[in-house]
Amino acid sequence: MEYRRYLQDKLESQIGKQKVLMLYGSRRTGKTTIIENLHENHQEESLILLGEDIQVAELLQIRTVANYRQLIGEKKLVIIDEAQAVPNIGKILKLMIDNVKGITIIATGSSSLDLVNDAGEPLVGRQKEYQLFPLAQTEFAKSENLLETANR
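Quick caveat, the model's predicted, so the values are computed rather than measured.

So, how was this worked out
Residues numbered from 1 in each chain as written. Predicted model: local features only at pLDDT ≥ 70, side-chain atom pairs only at ≥ 80, totals over all residues. Heavy atoms only, no water. Helix = DSSP H or I, 4+ residues; strand = E, 2+ residues; numbered from the N terminus. Buried < 20%, exposed > 50% of the residue type's maximum accessible area, 1.4 Å probe, protein only. Contact = heavy atoms within 4.5 Å. Areas by Shrake-Rupley, 256 points an atom, 1.4 Å probe, with all protein chains shown as cover. Pairing = 2+ DSSP bridges. Axes fitted to C-alpha atoms, helices over the stretch in contact; angles between N-to-C directions. Salt bridge = Lys/Arg side-chain N within 4 Å of Asp/Glu carboxyl O.

> Help me understand the overall build of the chain, please; the structure alone is not making it clear to me.
Secondary structure summary: the chain contains eight helices and five strands in total. What you see in the chain, going N to C, is helices and strands ordered as α-β-α-β-α-α-β-α-β-α-β-α-α. The proportion of buried residues among the 152 residues of the chain is 43%. Within the chain, residue pairs in contact and separated by at least 24 positions form 82% of the contacts whose partners lie at least 6 positions apart. Roughly 8400 Å² of accessible area belongs to the chain as shown, and the carbon and sulfur atoms make up 50% of that amount.

Structure (structure tokens):
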């Protein structure tokens, strides 16, 4: 059973704002599910990139505004999953968000320390950070009551 995550609604409310949304969380907490849902909800206007894909990482390393404008095209939502795998991701995100108008970027990372250390300083004032934790009772409560949850 898939549960709608509270954090997905918060991220959804930020789409359309010129910000980088950093989504951190331990492995298997649902980061990829959330971004896949967001991508599906905004298919026509979103681009999803996998930071662990060497070809994607190499393409992002070409740090020119022209490269990023060509890559993003008319998309308004850019999602980079496992962004900490991309070297210099902070500088890349800064160049994108400062020069490609009308976009929102969501960058995920299971290793928040790696992502924070690499992305933190260049993005001061340009980002919002969100921490995803395992499912909470309030999220279960949308589909089942406390007794049903306890009997699982």
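> It is not clear to me how the environment of Tyr6 should be interpreted in this structure. Could you clarify?
With respect to the helices, strands and loops of the structure, Tyr6 is situated in helix H1 (residues 6-14). Each C-alpha atom of the pair Tyr6 and Leu132 lies 9.4 Å from the other, and the pair is 126 residues apart in sequence.

> Even after reading the chapter, I still don't get the sheet that holds strand E2 (residues 46-50), so can you show me in this structure?
Picture the strands of a sheet paired through backbone hydrogen bonds; they go either parallel or antiparallel. Strand order in the open sheet formed by five strands is E2-E3-E4-E1-E5, and the pairing between neighbours is parallel. Looking at the sheet topology across the chains shown, the edges are occupied by E2 and strand E5 (127-132). Pairs of neighbouring strands in the sheet enclose a mean axial angle of 15°, with direction left out of account. In the sheet, strand E1 (residues 20-25) pairs with E5 via six bridges, with the strands oriented parallel. Each residue of the ladder has a partner; that of Gly25, found in E5, is Leu132. Strands E1, strand E4 (104-109) and E5 of the sheet are contacted by H1, whose axis makes an angle of about 165° with E5.

> Help me understand the pattern of salt bridges in this model?
Side-chain pairs of opposite charge can arise whenever the charged atoms involved come near each other. Going through the model one piece at a time under the given rule, you end up with two salt bridges. Across the pair Asp98 and Lys94 runs a salt bridge whose closest N-O atoms are separated by 3.1 Å. Highlighted residues: Asp98 and Lys94, both in helix H5 (residues 89-99), separated by four residues, approximately one helical turn. Since its relative accessible area comes to 25%, Asp98 is described here as partly exposed. One salt bridge in this structure joins Arg126 and Asp98, with 2.8 Å as the shortest N-O distance. Taken as a pair, Arg126 in the loop between helix H6 (112-119) and E5 and Asp98 in helix H5 lie far apart in primary sequence, 28 residues in all. Within this structure, Lys94, Asp98 and Arg126 form a network of salt bridges that share partners.

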